[in-house]
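Residue strings, one per chain:
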Amino acid sequence: MKISLIYLAAGNSRRFGTNKLLYPWEGKPLYRHLLDRLVNICIRHPKWEILVVTQYPQIAWQVREMAPTLNGRIQAVLSQDSPKGASYSIRAGLAAAAGSQACGCFVADQPYLAEQTAENFLAAMEKSQAELGCVVCRGERGNPAWFSRKYFPELERLEGDQGGRKVLERYLDRVMFFEVLKEQELMDLDRPCQIGNKVGAGEHRVV
């Protein structure tokens, strides 16, 4: 089953005060932490690919340098319209996901998401051939999220800053939920003061 992991690294970082994706943390830019784990996962799953959607040429250049690691199964999708809202980034990712039966949507400001958690989530969705999926911790939904190809047209019709949450909420009875035990894994880092903090310092959102 061909699966595209759409990695959204295109945010404007308004609340962070600087480009948080390139913020140096523990020896590398913030966006690389989860991305490197996804690369390790895709090495073990030869039918999975990574599409890094970004508005930043520096990130696109770095991703292109990573291509040999996955024999070309990782590519940068430069999206100059991403500053207009999340829907533009999602559409750019879907446009590059030709032939994929499903996509897993990840966000680049979630550096605490463990490699095993991400892989188990994707494997569970693939095994169940889920139509829609989402991680959840203590009843609160977060990223990553899963969409089968059936829902690509609805994602493509999103507007402005609308994200996949809108589609999931429309069909909650069809969503397969994947329980995550550690709340910190689902933290989105939006401010510099959150770096290094523990549970409760961030917030959850479905892209």
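Since we're looking at a predicted model, the values are computed, not measured. (Residues numbered from 1 in each chain as written. Predicted model: local features only at pLDDT ≥ 70, side-chain atom pairs only at ≥ 80, totals over all residues. Heavy atoms only, no water.)

Looking at the confidence of the model for the protein
- The share of residues in the protein with pLDDT of 70 or more is 88%, and the mean pLDDT across the chain is 91.
- Segment residues 197–202: pLDDT under 50, and 13 contacts once partners within four positions in sequence are set aside and those in other chains are kept. (pLDDT = per-residue confidence, 0-100. Contact = heavy atoms within 4.5 Å.)

Here we look at helix α3 (residues 86–96)
- Buried within α3 are the following residues: S87, S89, I90, A92, G93 and L94.
- Check the buried side of α3 and you find it contacts β1 (3–8), β4 (48–54), β5 (74–78), β6 (102–107) and α5 (152–156). (Buried < 20%, exposed > 50% of the residue type's maximum accessible area, 1.4 Å probe, protein only. Helix = DSSP H or I, 4+ residues; strand = E, 2+ residues; numbered from the N terminus.)

Observations regarding the pairing of strand β7 (residues 132–137)
- Burial of β7 is extensive: 6 of the 6 residues sit out of reach of the surface.
- Neither face of β7 is exposed, since L132, C134 and V136 on one face and G133, V135 and C137 on the opposite face are all buried.
- In this structure, β7 lies alongside strand β8 (residues 140–148), joined through 6 bridges in antiparallel fashion. Bridge pairing in β8 links C137 to E140.
- In this structure, the hairpin formed by β7 and β8 is closed by a connection of 2 residues, where R138 is found at a positive phi of approximately 55 degrees.
- The sheet contact formed by β7 and strand β9 (residues 175–179) spans 5 bridges and is parallel. Bridging across to β9, V136 finds its partner in E179. (Pairing = 2+ DSSP bridges.)

Digging into the nonpolar core
- Grouped together as the largest cluster of nonpolar side chains are 39 residues, with contacts concentrated most on Y7, L35, L38, I50, V52, I74 and F106.
- Only β1, α1 (30–44), β4, α2 (57–66), β5, β6, α4 (115–128) and β7 provide two or more residues apiece to this core.
- Residues contacting V52, with those up to four places away along its chain left out, are Y7, A9, L35, I59, V63, I74, Q75, A76 and V77.
- Judged by nonpolar contacts, the second largest core, of 23 residues, contains I6, L51, A97 and A145. (Core = buried A, V, L, I, M, F, W, Y, C linked by side-chain atoms within 4.5 Å.)

Re α4
- A rise of 1.5 Å per residue sets the reference length of α4, with its 14 residues, at 20 Å; its end C-alpha atoms lie 20 Å apart and thus fit the reference within 8%.
- All buried positions along α4 are accounted for by T117, A118, E119, F121, L122, A124 and M125.
- Backbone geometry just downstream of α4 places Q129 in the positive-phi region, at approximately 50 degrees. (Expected span 1.5 Å × (residues − 1).)

Description of the environment of A86
- Its location among the elements puts A86 in helix α3.
- Along the chain, A86 and G163 lie 77 residues apart, while their C-alpha atoms are 5.9 Å from each other.
- Apart from the residues lying within four places of it in its own chain, the contact partners of A86 are G160, D161 and Q162.

Observations regarding unusual backbone geometry
- Following N143, the chain continues to P144 via a peptide bond in cis, the omega torsion being 10 degrees.
- With respect to the helices and strands, P144 occurs in strand β8.
- Phi at N71 is positive, roughly 50 degrees, even though this residue is not glycine.
- Looking at the element boundaries, N71 is found in the loop between α2 and β5.
- The phi angle at R138 is positive, at roughly 55 degrees, despite the residue not being glycine.
- Mapping R138 onto the fold places it in the loop between β7 and β8.

Side note on the packing of α1 against α2
- With their axes 13 Å apart at the nearest point, α1 and α2 run at an angle of 25 degrees to one another. With respect to α2, the axis of α1 lies roughly parallel. For the pair α1 and α2, the crossing hand works out as right-handed. Counted together, Y31, R32, L35, D36 and V39 of α1 and I59, Q62, V63 and M66 of α2 form the full contact between these two elements.
- Looking at the contact of α1 with α2 residue by residue, the classes come out as 6 nonpolar, 1 polar and 2 charged. (Axes fitted to C-alpha atoms, helices over the stretch in contact; angles between N-to-C directions. Parallel < 35°, antiparallel > 145°, perpendicular 65-115°, else oblique. Left-handed = near helix turned anticlockwise from the far one by under 90°. Nonpolar A, V, L, I, M, F, W, Y, C, P; charged D, E, K, R; others polar.)

A look at the sheet that holds β6
- On the basis of which strands lie adjacent, the open sheet formed by 7 strands has the order β5-β4-β1-β6-β8-β7-β9 and mixed pairing. Each edge of the sheet is formed by a strand with only one pairing partner; in this case those strands are β5 and β9. Adjacent strand axes in the sheet meet at a mean angle of 25 degrees, parallel and antiparallel pairs treated alike.
- Where β6 meets β8, 4 bridges bridge the pair, whose relative direction is antiparallel. In the sheet register, C105 faces β8, and the bridge partner there is A145.

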